[in-house]
Amino acid sequence: MALLGIDLGTTAVKALLINEEGETLASATVEYPLYTPKPLWSEQDPADWWRATVEAIRQVLAKAGVSGKDVRGIGLSGQMHGLTLLDRAGNVLRRAILWNDQRTAAQCDEMVQRAGGMARLRELVTNPPTTSYTAPKILWVRAHEPEIYARIAHILLPKDYIRYKLSGVFATEVGDATGMALLDVKHRTWSDEMLRLLEIPREWLPLCAESHEPTATVSAQAAQETGLAVGTPIVGGSGDQPAAAVGLGSVREGIVNVTLGTSGVVFASVEHYPPIRDTAIEVFCHAVPNTWFFMGVMLSAGGSLRWHRDTIAFGHSRLVARQTQETDPYDVLLQSAASVPIGAEGLTFLPYLTGERTPHRDPLARGAFVGLTLRHTQAHLARAVVEGISFGLRDSIELMRELGLHVNEVRAAGGGARSAIWRQMLADIFQADITLVNSTEGGAFGVALLAGVGTGLWRDVREACDAVIRVTARTSPSDDPAVRRQYDEAYARFRELYPALKSAFARAASA
Ligand code: ADP
């Protein structure tokens, strides 16, 4: 018996087979191209997604030595927000417009206008649309490609196109649907009012299920192409972020997860729909029925440390690595950061090297070192960078606390979580336990668990996570009250700097 998770990423699709203990049987990854026909545009060909998915499914079945009929259920995950348009016969009308495409600023404004202001827009669909979201992309096609718009019969998100190819069924689920800016997030159904205001026909939208619910089964044609068995159930699944959170067991209020990859993500499950207010935190439907999640995104988290390694510490950290037998320059950087006092003796780093998303929605924000003196060394610079990234993540946590979240435990993932030194800093800065868990397969693992729930292997998502996910390391905040005080002081300095420098950043951007 096996469960299949498919994660349709932006660079590649990953197919993962696990058994009922949650152990990986095999995985396979197949890449596809990304097209940038104009600056700021980002597109993919759904035919590439499908070809790669067929290949990945065939490979993973072969590697695991599992026959299609032993696959109990399938979960789908993937890049969120992307717009896939089909005509009445199910043919793709144009390349999909992806989450990281930036062409729709005017359509985001149009949405606010049509809704009658930001407050009303938040009441209808919770999150103010950014250029990532799907609805503004639909308005863009209407304005710029009317001949294509006239032929639209179905609108799908990327992973839901894969569901359609596997089954012939048009369906999505509440998590990914939130990212369209067409869902009434509180009631977990399409917002008829938003659709009316935007003049988008409701019949273009797919059925919207909960993440664990069976939505479709594998068709005869797809079975032939993939090697799966006809009739294998496909559950709703979820977008890549909530799917990854399920894979880390972040399915109860109080458990937050922080991903320290190139970007940084702070993700928290909540059990009550929060009172809507003007906040930089995004609120989405989670993969557990009647729960939601808060999300804050830092654009350059680990990316800031990589920049530091490659520019400022270039040569230095490699030299030290050679002399001390340390092989990883990141370990050297973190060691040297730990050798200077908390707060880096008054030196602060702002990590906005590629602008920022949370808490400052500001594409013009920039990075900065503030407070340099002759006394500061390489080690102080390293410490300031790691602290600056951690403080930027604390900004998201503080905003979530303002929305009523209690943080009991923070599960860390991504490259930065490998560092014990960084985990201790995060524990002291967030004032919460930082943990690691045994699962590392990401979104594909999360939706494979959802497939187990939807096919009755586990009663619900929490039972599934409890059955297979274990905490493997725990770092608690220091007992020394001075540590907390010193970090709080350094964080207060950090908080003051963005407002003070905002206009300087904007001027720098126009230089
Ligand atoms: P991506 O988001 O690009 O998939 P990862 O999750 O692998 O990447 O994270 C990469 C980042 O993790 C690097 O940019 C670096 O900042 C950080 N990192 C990797 N290894 C370490 C380490 N040993 N110590 C601290 N940070 C690390």
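Above this text sits the structure in question.
Below: a short report on this structure. (Residues numbered from 1 in each chain as written. Predicted model: local features only at pLDDT ≥ 70, side-chain atom pairs only at ≥ 80, totals over all residues. Heavy atoms only, no water.)

1. Let's talk about the sheet that holds strand 17 (residues 264–270)
Right, so step 1: Read from one edge of the open sheet, seven strands run 18-19-17-16-22-23-24, paired in mixed fashion. Among the strands making up the open sheet, the edge pair consists of strand 18 (282–285) and strand 24 (471–475). When the angles between neighbouring strand axes are averaged without regard to direction, this sheet yields 25°.
Right, so step 2: Of the strands in this sheet, strand 16 (255–260), strand 17 and strand 19 (292–298) touch helix 10 (residues 240–247), which is tilted by about 70° from strand 17.
Right, so step 3: Along the sheet face, helix 15 (residues 420–430) touches strand 16, strand 22 (409–413), strand 23 (433–437) and strand 24 and points at about 140° away from the line of strand 23. (Pairing = 2+ DSSP bridges. Helix = DSSP H or I, 4+ residues; strand = E, 2+ residues; numbered from the N terminus. Axes fitted to C-alpha atoms, helices over the stretch in contact; angles between N-to-C directions. Contact = heavy atoms within 4.5 Å.)

2. With respect to the site of the ligand
Right, so step 1: Lining the immediate environment of the ligand, one finds 16 residues, of which Thr 262, Gly 302, Asp 331, Gly 415 and Arg 418 sit closest.
Right, so step 2: Separating an oxygen atom of the ligand from a side-chain N or O atom of Thr 262 is a distance of 2.5 Å.
Right, so step 3: In this structure, a nitrogen atom belonging to the ligand sits 3.3 Å away from a side-chain N or O atom of Asp 328.
Right, so step 4: Within the complex, the protein chains bury 74% of what would otherwise be the 580 Å² of accessible surface of the ligand.
Right, so step 5: If you list the elements that add at least two residues to the shell around the ligand, you get helix 11 (302–310) and helix 13 (329–338). (Near = heavy atom within 4 Å. Polar contact = N/O pair within 3.5 Å; in protein donor to acceptor, adjacent residues only side chain to side chain. Areas by Shrake-Rupley, 256 points an atom, 1.4 Å probe, with all protein chains shown as cover.)

3. Observations concerning the environment of Ala 365
Right, so step 1: Along the chain, Ala 365 turns up in the loop between strand 20 (348–351) and strand 21 (367–370).
Right, so step 2: The sequence separation of Ala 365 and Ala 413 amounts to 48 residues, and the corresponding C-alpha distance is 26 Å.
Right, so step 3: What Ala 365 contacts, discounting residues up to four positions off in sequence, is Tyr 352, Gly 355, Glu 356, Tyr 498 and Phe 505.

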